[in-house]
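# Structural features, examined
Take a look at the letters that make up each chain.
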Amino acid sequence: MSLSKFSEDLNDMQLEGVLATEGPVLVLAGAGSGKTRLLTYKIAYLVLELGIDPRAILGVTFTNKAAGEMRERVQSLCGGSLAGVWLGTFHATCGKMLRMDGDKIGLAENYSIYDDLDQKRLMKEVITEAGLDPKEYDPKRILGAISGFKNRLVCAEDFVPSTKDEKAFAKLWTAYQDALKTNNAVDFDDMILLTVRLLQEHEEVRRKYSRKFQYVLVDEFQDTNHAQYELIKLLSGYHGNITVVGDDDQSIYSWRGAEVRNILEFPDDFTSAKIIRLEQNYRSTTTILKAASSVVANNSERHEKTLWTNGAEGDKIKLYKLPDEYAEAKLIARSIKDEIDSGTSGKDIAVLYRINAHSRLLEEALTKLQIPHIIIGGIRFFERAEIKDIMAYLRLIYNPDDDISFSRVVNMPRRGVGLKSMCRLKELSRAAGTSLYRTLIGGNLEDLTPNSRKGFADFLELIEELRLTAKKSDAGEVVAQTLRESGYLSMLEQDGGLEARARLENLSELVNSGIEFANTHPEDPSINAYIIEASLLSGIDEYQPDEESVSLMTVHAAKGLEFDSVYICGLEEGLFPIGRSMESNSELEEERRLFYVAVTRARKNVSLMWATSRHYFGDERIGARSRFIDEIPEELLEGDKKTMPPEEIFQRHSSSKVEKFAGGAINPGTIVEHPFFGRGQVQAVKGWGENAVLTVAFPKYGTKKLLLKYADLSIVR
DNA sequence: CAAACATTATTTTTT
DNA sequence: ATAATGTTTG
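Residues numbered from 1 in each chain as written. Chains lettered and ligands numbered in written order. Predicted model: local features only at pLDDT ≥ 70, side-chain atom pairs only at ≥ 80, totals over all residues. Heavy atoms only, no water.

### Remarks on the protein's contact with DNA strand C
Residues in close proximity to DNA strand C include Lys124, Arg360, Phe617 and Gly618, which together make up its full environment. Counting only atoms of DNA strand C within 4 Å of the protein, the sugar-phosphate share comes to 67%. In the surface near DNA strand C, the residues fall into 1 nonpolar, 1 polar and 2 charged. (Near = heavy atom within 4 Å. Nonpolar A, V, L, I, M, F, W, Y, C, P; charged D, E, K, R; others polar.)

Take a look at the structure:
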């Protein structure tokens, strides 16, 4: 690749950003203005033109997926010569440094990373241990407060309580940190905080990394929190070559501690900073851009900017008013079907919603029309109970002090270890001042029933055996072995129910992911490396677009993505903007930015939907049209604010559920044949498509629930 | 000790 | 409405 290629592929401003390799650079980049392109080309430029060793480059992105994509793109520009570049999320980057140098701040390299579920369990225990009631002291609230402090680099020792409540809080916080320490675990926030501490307090470590990283680049800078900002300041401190890219209009993570202020402060902290504005949008039509800009212009706390495009005017934005959420889902499904029938491929279509709970209805509607789709986010793969169980085994193998993991799996599958024996073990472990697992190794369990003693012994033997396996085998093998040896597989196989089958399916996917990890990480295919990577995956990281599938996700998850056609649903006051946000101006403005992000995902078409009635918590609520719709100039909208699409579409969910299947229809009454159970009569059909759940009465085996996807059924009549 | 049953929180967004 | 949690019963 030649220098002229850079000027060919980039516009003037982008090129300027790429060429400004020395010193601090702030890139203010509007939606769709090619900021990722700038970063990608900049890394390629550093490597190809300046001959910089990739190991001297650190690129930080918001998701693992973004990091992966960036790596791929740079690699294709560079022709593969990228070995050793650090490209990852803040957490992945910190994880790497902590693994190598964490010992200096007393962190063993085999630490566990606790996600919010683990955190909650731990905090609940901490509260109970302190003799308090978890109902009065809500673990989630307390963890939220702790997180807020950690994001601002305040740790438990720094906190000076004054009121009585604060004193209680401080006590719990300290106890929580102590508990983490005993478990040899860190939470997400600690990963950043501890890394900052490590760099601040150990000059030799700081020197090592800040000299190593001659060039630091940060994507989605508007979503960094204070701790993350400090971190990159420390890392880029020696060479001072730092490029940050962000858009204040797309700041949608302030609830997680992100501070747009970082963008404003950047020129103050780096007085020589070069400021580059990318205002040409390459993604959307004029109409879409105008609509999005008009809405976000209502925010007071923002940098004025003018996005423009050479693109066509494009279609108007379609607006639909619907009687309820069923009609909404149905209309979306129908409209998508029309689009697909007229040649749009599913991967170019997305349905966006404010909250995950909305995915269910949409999914049903799409399945009913047999539209292939994927839901991104929601219950993440690594949050599923069976996956968490196996991950707990794996963590325990590596980190025997991890009591949270221990408690999770000691009796899963059943080993006859109940509440009582666990209480006893806890007592012993507290007395000995060591973890549950180590207490178990120590042995004094005479006063337990033989049954539970046997259970503990079996468990101990199992973990020890797996530890040996982990020493000599790669991640894939260890996962497979754990599944088999723990009895988890046979437990599910014996169950044989439809849920168990789905779980088996997930677990086989886990094995695959372990195998793939081992194959793609020849330098360290161990289970330990795998656990760390797996702990840091998010919902969007699982997104693998295929040709046909329509994408369903929250607006948050959609950030950074683009589609030809975008449906935004649930545009009602109280839902989008969401209820709580309407009382505070800053929160309302964040909702507006969120809407801005949603609209600017679209290249060609935007459809906005709102329903006059919708169910919350089971009961019906009447909603008004979202103010964001009214903030779009009327001439950009079509489908008028008054009219409704043809009535026939909206006949409520038909009560006769008929499932089309292999050319025939399955409905209550149908006689089906099962390879094992024989013939039976369908009693009920729930759900649609391959996910439909059938209740079938078999004369010899009774009534069974079967998942259509797995049950090998054929229709008799 | 485990399954069945009743009750309660949950719906903002996630590394 | 549903999932997660807590309580009772066999």
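### Thoughts on the environment of Ile404
Along the chain, Ile404 turns up in helix 17 (residues 403-409). Residues Ile404 and Arg55 lie 349 residues apart in sequence; the distance between their C-alpha atoms is 37 Å. When near neighbours in sequence (up to four residues on either side) are disregarded, Ile404 contacts Tyr114, Asp118, Arg121, Leu122 and Asn183. (Helix = DSSP H or I, 4+ residues; strand = E, 2+ residues; numbered from the N terminus. Contact = heavy atoms within 4.5 Å.)

### Description of the nonpolar core
Among the nonpolar cores identified, the biggest contains 47 residues, and Phe406, Phe456, Phe459 and Leu510 are the most heavily contacted of them. The element that contributes the greatest number of residues to this core is helix 16 (residues 385-398), accounting for 9 residues. Beyond its immediate chain neighbours, meaning those up to four positions away, Leu510 contacts Phe381, Phe382, Ile387, Ile390, Met391, Val479 and Tyr530. Membership of the second largest hydrophobic core comes to 44 residues, among which are Ala291, Ile317, Ile540 and Phe576. (Core = buried A, V, L, I, M, F, W, Y, C linked by side-chain atoms within 4.5 Å. Buried < 20%, exposed > 50% of the residue type's maximum accessible area, 1.4 Å probe, protein only.)

### Here's the deal with the sheet that holds strand 9 (residues 317-322)
What the 7 strands build is an open sheet, ordered 11-12-10-13-14-9-17; its pairing is parallel. Strand pairing shows two members of the sheet lacking a second neighbour, strand 11 (373-375) and strand 17 (637-638), which therefore form its edges. With 4 bridges connecting them, strand 10 (residues 349-353) and strand 13 (residues 563-568) associate as parallel partners. Its bridge partner lying in strand 13, Leu352 is registered against Ile568. On top of the sheet, helix 13 (residues 286-296) reaches strand 9 and strand 14 (602-611); it is set at about 50° to strand 14, its chief contact. (Pairing = 2+ DSSP bridges. Axes fitted to C-alpha atoms, helices over the stretch in contact; angles between N-to-C directions.)

### Concerning the pattern of salt bridges
Applying the stated criterion across every chain, the model contains 48 salt bridges. Of the charged contacts in the structure, one is a salt bridge between Asp248 and Lys305, with a shortest N-O distance of 2.6 Å. Of this pair, Asp248 sits in the loop between strand 7 (242-246) and helix 12 (261-269) while Lys305 sits in the loop between helix 13 and strand 9, and the two are 57 residues apart along the sequence. Residue Asp248 is classed as buried on the basis of its relative accessible area, which comes to 6%. Note that Arg592 and Glu631 form a salt bridge whose closest N and O atoms lie 2.8 Å from each other. Taken as a pair, Arg592 in helix 26 (residues 585-599) and Glu631 in the loop between helix 27 (627-630) and strand 17 lie far apart in primary sequence, 39 residues in all. There is no split in this pair, since Arg592 and Glu631 are both buried. One network of salt bridges, with partners in common, ties together Arg283, Lys347, Asp348, Glu562, Asp564, Arg603 and Lys604. (Salt bridge = Lys/Arg side-chain N within 4 Å of Asp/Glu carboxyl O.)

### Details of the protein's contact with DNA strand B
Looking at DNA strand B, there are 28 residues lining it, with Arg354, Asn356, Arg414, Ser538 and Arg580 nearest. Restricting attention to atoms of DNA strand B within 4 Å of the protein, one finds that 56% of them are sugar or phosphate atoms. Here a phosphate oxygen of DNA strand B sits 3.1 Å away from a polar atom, N or O, in the side chain of Lys140. Contact between DNA strand B and Thr554: a phosphate oxygen at 3.3 Å from a side-chain N or O atom of the residue. Among the elements that make up the surface near DNA strand B, the one with the highest residue count is helix 18 (residues 419-432) (3 residues). A per-class count over the surface near DNA strand B returns 9 nonpolar, 11 polar and 8 charged. (Polar contact = N/O pair within 3.5 Å; in protein donor to acceptor, adjacent residues only side chain to side chain.)

### Description of the pairing of strand 7
Buried residues dominate strand 7, accounting for 5 of its 5 residues. Neither face of strand 7 is left uncovered, since the one carrying Ile242, Val244 and Gly246 and the one carrying Thr243 and Val245 both have all their residues buried. Pairing analysis gives 3 bridges linking strand 6 (residues 215-218) to strand 7, with the strands arranged parallel. Residue Val216 lies in a different strand from strand 7, and its bridge partner there is Ile242. With respect to chirality, the unit in which strand 6 leads through helix 11 (residues 226-236) into the neighbouring parallel strand 7 is right-handed. (Right-handed = clockwise from strand over helix to strand, strands pointing away.)

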